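# Remarks on the overall topology
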Amino acid sequence: LRSKSTGLPDVKERTLIAVKPDGVQRRFIGQIIQRFEQRGFKLVGLKMLQASEDLLSQHYSELRTKPFYPRLLKYMSSGPVVVMVWEGHKVVQTSRTMVGHTNPAEALAGTIRGDFSFHVSRNVIHASDSEEGAQREIQLWFKGRELLNWDCCDQSLTLAV
Ligand code: UDP
């Protein structure tokens, strides 16, 4: 979690967040983005797409033997998704806390699933569950040039005259 070059806490960690088809259809895109912005994370990639079965089967390859897998793929391809890459210190772990338990019945109020959903088959949002998983998923959903490095205007006033 520390930068090898500077020894400072790593603020460049990245995670993949997806607003699932039910989250898009129920118009939660804005509220979900707002939660990540207000927490202090940086948006470095964003797109809306209709995910193909091939992409989804790679994304959920670890779950292919689960009984719910066919229904999961049908759900995830039932409409467009909004996929995002968010960057910041411990963003993987913090996002999982913000998103809440996989089963909305067990998700605490105040979490995204706890506030916006009630059933595991329609739980509104995806968040990578580990740093390795995040790297794999980001490469799967985004091309390198679709991820942007940018600086915040309030970190430097060198341009002010
Ligand atoms: N899922 C489901 N039924 C289950 C468990 C999971 O439909 O009993 C779906 C649900 O959409 C979940 C996704 O499969 O978000 C991936 O499951 P995982 O265990 O990876 O949970 P997550 O990381 O999304 O919390």
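The following paragraphs examine the structure supplied in this document.

Definitions and cut-offs
- Residues numbered from 1 in each chain as written.
- Predicted model: local features only at pLDDT ≥ 70, side-chain atom pairs only at ≥ 80, totals over all residues.
- Heavy atoms only, no water.
- Pairing = 2+ DSSP bridges.
- Helix = DSSP H or I, 4+ residues; strand = E, 2+ residues; numbered from the N terminus.
- Axes fitted to C-alpha atoms, helices over the stretch in contact; angles between N-to-C directions.
- Contact = heavy atoms within 4.5 Å.
- Near = heavy atom within 4 Å.
- Polar contact = N/O pair within 3.5 Å; in protein donor to acceptor, adjacent residues only side chain to side chain.
- Areas by Shrake-Rupley, 256 points an atom, 1.4 Å probe, with all protein chains shown as cover.
- Nonpolar A, V, L, I, M, F, W, Y, C, P; charged D, E, K, R; others polar.
- Salt bridge = Lys/Arg side-chain N within 4 Å of Asp/Glu carboxyl O.
- Buried < 20%, exposed > 50% of the residue type's maximum accessible area, 1.4 Å probe, protein only.
- Arc of directions from axis to C-beta.
- Phe/Tyr/Trp six-rings, centres within 6.5 Å; stacked < 30°, edge-to-face > 60°.
- Lys NZ or Arg CZ within 6 Å of the ring centre and 35° of its normal.

### Re the sheet that holds strand E3 (residues 81-87)
Either a parallel or an antiparallel arrangement is found when strands of a sheet pair, and the pairing is made through backbone hydrogen bonds. Strand order in the open sheet formed by four strands is E2-E3-E1-E4, with antiparallel pairing between adjacent strands. Each having just a single partner strand, strand E2 (42-49) and strand E4 (125-127) make up the two edges of the open sheet. Ignoring which end each strand starts from, the neighbouring axes of this sheet average 15° apart. This element, helix H2 (residues 29-39), spans strand E1 (14-19), E3 and E4 of the sheet and lies at about 5° to E3.

### Here we look at the site of the ligand
Around the ligand lies a shell formed by Lys20, Tyr60, Leu63, Phe68, Leu72, Arg96, Thr102, Arg113, Val120, Ser121 and Asn123. The side chain of Arg96 places a nitrogen or oxygen atom 2.9 Å from an oxygen atom of the ligand. Contact distances for the ligand include 2.9 Å between an oxygen atom and a side-chain N or O atom of Asn123. In isolation the ligand offers 510 Å² of accessible surface; the protein chains occlude 77% of this area. Its residues assigned to classes, the shell around the ligand shows five nonpolar, three polar and three charged.

### A word on the pattern of salt bridges
Any two side chains of opposite charge can pair, given that their charged atoms come close. On inspection of all chains with the given rule, the structure shows four salt bridges. With its nearest N and O atoms 3.8 Å apart, the salt bridge here joins Lys12 to Glu87. In this pair, Lys12 is assigned in the segment before E1 and Glu87 in strand E3, connecting sequence segments 75 residues apart. Judged by relative accessible area, Lys12 falls into the partly exposed class, the value being 48%. On the accessibility criterion, Glu87 (5% relative accessible area) is buried.

### As for helix H5 (residues 91-99)
Listing the buried residues of H5 in full gives Val91, Val92, Thr94, Ser95, Met98 and Val99. Buried residues in H5, looked at end-on, bunch into an arc of 165°, giving them a common side. Away from its buried face, by an angle of more than 90 degrees, H5 presents the exposed residues Gln93 and Thr97. Where H5 is buried, its residues touch E1, H2, E3, helix H6 (112-116), E4 and helix H7 (131-141). The positive-phi residue at the C-terminal boundary of H5 is Gly100, with phi of around 90°.

### Structural notes on the packing of aromatic side chains
With the rule as written, the count across this model stands at two aromatic pairs. Summarising the aromatic geometry, the rings of Phe28 and Phe116 are spaced 4.4 Å apart at their centres and angled 20° between planes, so their arrangement reads as stacked. Here Phe116 lies in helix H6 and Phe28 lies in the loop between helix H1 (21-25) and H2, a separation of 88 residues in the sequence. Like Phe28, the residue Phe116 is buried in the burial classification. Stacked on the ring of Trp150, the Lys or Arg Lys42 has its end atom at 5.0 Å from the ring centre. Above the face of the Phe142 ring, Lys47 is positioned so that its terminal group lies 4.7 Å from the ring centre.

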